[in-house]
Structure formats: structure tokens, C-alpha cells
Amino acid sequence: MCAAHNRLTEMKMKTFAGGIHPPDNKQWSAHKAIEDCPMPAELIVPLAQHIGAPSVPCVAVGQQVFKGQEIGSAKGFVSVPVHAPTSGEIVAVENRPHPWGTSLPAVVIRPDAEDRWSPELQPAEPGELSPEQIVEKVRQAGVVGMGGAAFPAHVKMSPPPEKQINTLIFNGVECEPYLTADHRMMLEEPERILQGVALLQYVLGVERVVIGIEANKPDAIALMTEMCAGTPVEVISLEVKYPQGAEKQLIAAVAGLEVPSGGLPMDIGVAVHNVSTAAAVTDAVVYGRPLIERVCTVTGPAIREPKNLRIRIGTLLSHLIDACGGLVEEPGKIILGGPMMGFAQLGFDVPAIRGTSGLLLLRHEDVALQPEGPCIRCARCVQACPINLLPTTIAAYARRDLSSEAAEYCAMDCIECGSCSYVCPAAIPLVQAVRYGKAAILAKKRKA
Amino acid sequence: MNKVSQQLYLSSSPHIHSGETTAKVMRAVLYSLVPACAVAVYFFGLSALLVLLLATFGCMATEAVCQRLMGQPVTIADGSAAITGVLLALNLPPTSPWWLTLLGAVIAIVIGKQVYGGLGSNPFNPALVARVVLLISFPVQMTTWSAPAPLGSGLDLVTTATPLGTWKNAVMLTGQAPVEMQGGMTQYFLGNMPGCIGEVSALALLLGAAYLLYRRILTWHIPAAFVGSVVLFSGLFWLINPAKYPSPIFHLLTGGLVLGAFYMATDMVTTPVSPRGMLLFGAGCGLLTVLIRLFGGYPEGVSFAILLMNASTPLIDRYLRPRTFGVQAGKG
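Residues numbered from 1 in each chain as written. Chains lettered and ligands numbered in written order. Predicted model: local features only at pLDDT ≥ 70, side-chain atom pairs only at ≥ 80, totals over all residues.

Caption draft 1: Up close: the pairing of strand β17 (residues 358-362) of chain A. Residues and elements named next belong to chain A. Counting buried positions over the 5 residues of β17 gives 5, a clear majority of the element. By the alternation rule, side chains of β17 split into G358, L360 and L362 and L359 and L361, which are all buried. Here 3 bridges tie strand β13 (residues 293-299) to β17, and the two strands are oriented parallel to one another. For T299, the partnering residue across the bridge sits in β17 and is L360. (Buried ≥ 20, exposed ≤ 12 C-beta atoms within 10 Å, placed from the backbone. Helix = DSSP H or I, 4+ residues; strand = E, 2+ residues; numbered from the N terminus. Pairing = 2+ DSSP bridges.)

Spelled out as C-alpha cells, the structure:
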């Protein structure tokens, strides 16, 4: 009766077409208050942590740096600077293992335990700042999208003049199973988030502001609704369905609009920011503090004590595991991010970066591969695809290296949410094949 | 315990899976056919049971032999050959001789499935391929129908004609529908009528289909479009001349319509993958069924209709693709 009722209310709730219902597994960490992660012995801060050009180091080995001091300078418009997460000595500027699966340039800092802020970083009165000054502060602070993709926030805050933004959406969906970082942020630091919401609204000159939250976080919905009473900000409860938090699906659910194929949200007058990004904007503008820490959910069946940790950027994964009581058993897979779109890691010697929303440790039994069988054309991938693609057809073309045919079936529109692979009873690596096809299509375009 | 000594899985996302497997899907389909099989055995007795067992094991054995001969792994445990077998049996008369049943099993697996490359590659529904080959090759055995003799009634199976056959004969001879038909709509619904093993009880078939809908193995598109178009087109003729053409209800409850619409036309491998494609597929099946029943040489047209639509599945899939998100209709 209760389940049937829930289903009914869910049906009335806003959402998008397609999608899947994986078990959310958020119960391990959803009730755990954010804890400060102890200072590690060494911080390895990669210069590439965002989409766009990596920053260039502007410090030398042996130099003392303050907390918040710039250690890597932005290179170009779609790029952001990188900052020291604490005060200490630069011990190396060299290639180190990076979460993206290779070794990349990083600045290594040995903390001096004093954690002294750079005296140059001064608070500001946001009311006295122009939109341009706010965007500049956000850029200088290295704020990127905190949902995982890490796209520089200042770029989204300065759309070309012909693209007038009229709807600003904040993403509090957190539809990836296991992750609870945004949930805890909304519960524990709503003022920080809402101050950033107001700043972004002011910068973009937007009338309609919406915070979208998945219905499995009723406490966050209630709190945010209460705090937004009397403000122009509307809080919307969204159906629990993956990938509700994907940008295009969130816009479809909230505004009923489709981002045009190959286009951007700004093409239909919409901007989307993560709720935690809003909090980082507050830090940058109001306190003058750069993005040097974030909340990260350390969770999964292989960890002893799942937690929501406030971590310094550059903390090694091994340190995060120690902070959570160590491992219960050997993990089968180490994932940065969620289980649907996160990145598998080779080991614990990589640092957490600005986009690291979670560290998920799955056991061998959770990730054992099922043998692949032939496609029985059951069409579950078609029903699950939130972009209305034919995943099985695109994957079949991609695997035969027929990239023009894959492109004709709109392979480039795939958002790589992985819903197709998740539901496939034949265990065909559908989204993986589509990714391969997309890469082939792009390679062909570059050659032409 | 911070070192990783054992091997780690390293693959691109997603890192979790629903746990659904092809074998689980096939098993669910088999479970859903239990009521229909039970009703068949109740009405037609041991001869129906024999046909069911022979067809099922015949299909599984044929698949195993084929795969062994081709040096492929034997996959009869996935349940797909068993489904073909059960569906074939449900499409045969209850008095089918043993050799006819076995021959059907071999045709279904060899000509209907394995020559195309096995599971997932066959364009036509294997059970229907076998039924149609048998129907054309052995018309006498394939159209010898029996009146049901429910278990415990003490009756023997007596040869008689199906309701559709009775109607077709009358129309061919007199140009009018027969004045009186054996049984009534309630009896047809329950399955108390002559016909193939599995097509007699609409009730049992619908029970199984409800389970498949609940398990989300079946979607409503094909059955709804199939049944809907049969009602529409047969209703049209009935309204024009009710003295000659039977009512839509008669069309729905007799012959293989329910079995066809819910089980044969919903075979995943041989039907379109997009919702719009499924609707067109179902509607095409319905139209062809009515045309063959009313104007064709055979009293029943469900099998032919489905096979003809199977042939058009690749075309439907090609031209009725879902509208890609963010692409405006007509521009895709």
C-alpha cells in the first residue's frame, strides 16, 4: 500500500523520460555529519584539475607558501589557477600519478602545521562589487563545477551577450548512488549555498531561480524550502531516478526544455550550477578564499567507517582511507566519483582533486564481470536511454568501426550516463562501445 | 591494510550492473507460460503434455547438437531453446503425432534460428517458422482439431473444427456466417474450444502476460497495437455486414490472437526496439490477421501476419527511430 502510494506520488513528481532506478546505497553516509579530514603529511596538487587548459606552476621548489596562495596560474580563458591548500614548503614540482589515469604535473607541498592564510586574501562586501568583479573573483579563486565534471565556473557566469540567461538552476540532485556530499552540504551549510545562489543570480541577472533536489533527501528539501521562503528561489522535489542530475535531464525536469543537440544550456537561456559550487562561489567572493577544499563522500562496502570528509585538494586516497578506519577487505575496484560515472583507479597513490565528490570502494563481488552474451534486442537500453538513442545499434556499429553509421544514429548526443550498460541483460558494454565510437567520430573529424 | 595486493578491476564506468541476465529473462517467460500449459493439459489431456515435452526437449537437443557440430559453446541452459519449444507446442494441434512435433522442433532451431547465427540473430520467430512449414507441408495433421475433453470428464478427444474454421467453411459455402456456433464467448475466453494447444485459453495467456508486464519483460506497445488494430479493422467489416463478418470479440477470443499478440508477436529478437516501431509492428500484425482471416485461404492468419511483420522489422527499426533528445521533430 505504502509502496504503491510512493509510486503514485513519484509519478506526479517532475522528472525526465527514460532513466533507471539503481539502489541508491546512500544510507551508509547520509546521516553522517561532515568531518574535517586530518592534515596529511604531504599534499600533491595537480595543475590540471578542470576541463580546459592546465595551469602553469608559478612557485619553485623550496619556496614557502601560504594557504590559499596561487601555485599554478591559469592559461587562457577556459582555465583556472590552482592554490596551496595549506601553508608549507614546496618540495617538488613534477609529474605524479593523477586520477585521470596517467602521470601529470603537480605541485607537492609539505604542510608546516600552521595553516596560515595568505595575507593577500581579503574579505569583500559583495554589495559593493559589480558582476564583472564577482566573476573575476570566482575565476581567481579557481572555482570549478563541483559535481564532478569540474568545468570552470566563471565561464558559465559570463555567457556571450546574445545569450540572455533567464533560468538559473542549482543542482542538488546527487543522483549517483552512494554519494552524499551535496546532501550534507545542503543540510549543514545552507547559508553558504544560498549566499552563492544570490550572487550567481545577481551576476546573471536572472528572474527564475530553482534548486532541484531528488525526493530521497526530504530533510534537505524541507530545510532549503524553509530557508528560501520569501526569496525568489524555488525549491523543487524531483523524482528519484538516475541520471536526474545530468544537466540536460535536470533542465528537462525543471524547465521542461530540451538543450538542443550539440548545443549548451545557455542556448535556451538556462545556466546550471551545482549547490556545492554555489558554496565555493560564496567563499571566493565574500571571504576571498580560493577553492582549496571540498566535501568528499568516502564510502562503499569495503571501507570500515563511511564518512563525509572535508578534504584538502591534493590529499592522497590512502590518507582518506586511514581517516575512515581503513579497509574491511581488499577492494575489487577503487572509484573516484559515483558508481555510474566515476573513474576506476589503479591504486591509492593518487590525490583527490576539485572534482572528487566521492571515493567509492567496492568489493570483488560487487564488480565481478558477467560474461557477455549476444544482444536479444530486448530494448531495455532503448527504454533506459535518457537521450532516446538506440544504444544497442550505435554500439554494434561502433564495435565494427563503422563510425559514420554510429554518427548517423546520433552517437555524439550520448551523455555517457551508463544507464544502457546497467540494464543490459546480455552484459554488453554498451556505453563503453559508444564512447569508443564517439572517439572514432572525433578522430575522423580532426583528420578531415 | 592500505596496500592493494590483489588484482583490481580497471574498467570505464558504469561500475555496477542491474543483475538482470538473459537467462533470468528467459526463465521469467517460461514461468509465464505455465498457466497456459496447465490449461492445455486440463482440456486436452496427456496428448497435449506429450507434445509440450517433445517440442521442448526436441528444441533443446537440436540446439545442443547444432552448437556442438559448429564447435560453439552449448548454451541451452539460457532457456531460449526451451521457450522456442514451448511456444512451438502451443502452436500445434493437441493431437500432433510425435514425428510432426519433433520435426517442428528441428525446423524451428535449425532453419528458424541456428542458420542465422543463433540467439539474437534470427529475423523470424523460430516457433512460427516451424509452425508455418508444418502447416504448408502437412495440412491434414496440422488442421485436425479436437474438441476439449477436460480431465475427469471421461470424454475422449473427438475431431471437430475450430470456431474460425467453422466460420470460414460457412462463408465459403453460403456467403453468410453460420447460424449457430459451438460454445460461446465465455467458453472461448476460458479455453473450452478446439484449437492449438496454447491458443485456447485467453484467460491463462493473459495471466502469464500480466506477470511479464509486471516484470517489465513485456511492454504494452505490441499487444495493445495488435489487439487494437484487430478490433478496429474487424469491427469495420462487422459494422458493414454483421450477417457475414464475425464481431471483434469473436476475433479476439478465437484462434491464436491472444497467444500471437502477447507471446509470438512480442518475441524480442524479431520485433522493433523503439516504442513507435513496436506500435506500427503490432498494428501491421492486426491488419494482416484480419485480412487473412476474412479474405485469405486459411481460416487463421496470426502466424502469417507476424512472420510478414518480422520481415519488415529491420525497415521499421531504420525509419521509426525515437526522436533524439534535443533534436527537433522532422530534422533528425
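Caption draft 2: Examining the domain arrangement of chain A more closely. All names here are of chain A. Partitioning chain A into structural domains gives domain 1 (2-32 + 129-286) and domain 2 (380-447). Taking only C-alpha atoms, the centre of domain 1 and the centre of domain 2 are 27 Å apart. Listed by partner, the interface residues are 12 residues for domain 1 and 11 residues for domain 2. The residue inventory of the side of domain 1 that touches domain 2, partitioned by class, reads 7 nonpolar, 4 polar and 1 charged. (Domains from an automatic or database assignment. Contact = placed C-beta atoms within 7 Å. Nonpolar A, V, L, I, M, F, W, Y, C, P; charged D, E, K, R; others polar.)

Caption draft 3: Broad picture of the interface of chain A and chain B. If you look at the interface, chain A gives 55 residues, while chain B gives 34 residues. Listing elements by their share of the side of chain A that touches chain B, those giving two or more residues are α9 (317-323), β15 (333-336), α10 (364-367), α14 (419-423) and α15 (430-447) of chain A. Here the residues of the side of chain A that touches chain B sort into 33 nonpolar, 13 polar and 9 charged.

Caption draft 4: Local environment of the confidence of the model for chain B. Averaged over all residues, the pLDDT of chain B is 89; the fraction at 70 or higher stands at 94%. By mean pLDDT, the top-scoring element of chain B is helix α5 (residues 98-111) of chain B (97), and the lowest-scoring one is strand β2 (residues 158-160) of chain B (72). (pLDDT = per-residue confidence, 0-100.)

Caption draft 5: Up close: the confidence of the model for chain A. Summing up the model confidence of chain A, the mean pLDDT is 93 and the portion of residues at 70 or higher is 97%. Scored below 50 in pLDDT, residues 1-11 of chain A shows 1 contact in the model against residues more than four places distant or in partner chains.

Caption draft 6: Quick peek at the sheet that holds β17 of chain A. All names here are of chain A. Pairing in this open sheet of 6 strands is mixed, and the strands run β1-β14-β13-β17-β15-β16 from one edge to the other. Here the strands that pair on one side only, and so sit at the sheet edges, are β1 (35-36) and β16 (343-345). The pairing of β13 with strand β14 (residues 307-312) spans 6 bridges and is classified as antiparallel. Looking at the pairing, V295 lines up with R310 of β14. Across the face of the sheet, helix α4 (residues 181-188) comes into contact with β13, β14 and β17 while running at roughly 125° to β13. (Axes fitted to C-alpha atoms, helices over the stretch in contact; angles between N-to-C directions.)

Caption draft 7: Structural context of the nonpolar core. If you look at the biggest cluster of nonpolar residues, it comprises 224 residues, and the most contacted ones within it are V138, V281, L320 and I394 of chain A together with V86, L88 and I197 of chain B. Apart from residues lying up to four places away in sequence, I394 of chain A is in contact with L389, A406, Y409, A411, V434 and G437 of chain A. (Core = buried A, V, L, I, M, F, W, Y, C linked by C-beta atoms within 7 Å.)

Caption draft 8: Broad picture of unusual backbone geometry. Going from Y242 of chain A to P243 of chain A, the amide bond is cis rather than trans, its omega being -5°. Mapped onto the secondary structure, P243 of chain A falls in the loop between β11 (233-238) and α7 (247-255). Backbone torsion omega between S13 of chain B and P14 of chain B reads 0°, so that peptide bond is classified as cis. Positionally, P14 of chain B belongs in the segment before α1 (22-32). Phi is positive for R377 of chain A, close to 55°, though the residue is something other than glycine. Position of R377 of chain A relative to the elements: it lies in the loop between α10 and α11 (380-384). A tally of 22 C-beta atoms within 10 Å means that R377 of chain A is categorised as buried. In this model, D401 of chain A sits at a positive phi of 60°, which is unusual for a non-glycine residue. Relative to the helices and strands, D401 of chain A resides in the loop between α12 (391-399) and α13 (403-408). Take D401 of chain A: there are 11 C-beta atoms within 10 Å of it, and that puts it in the exposed class.

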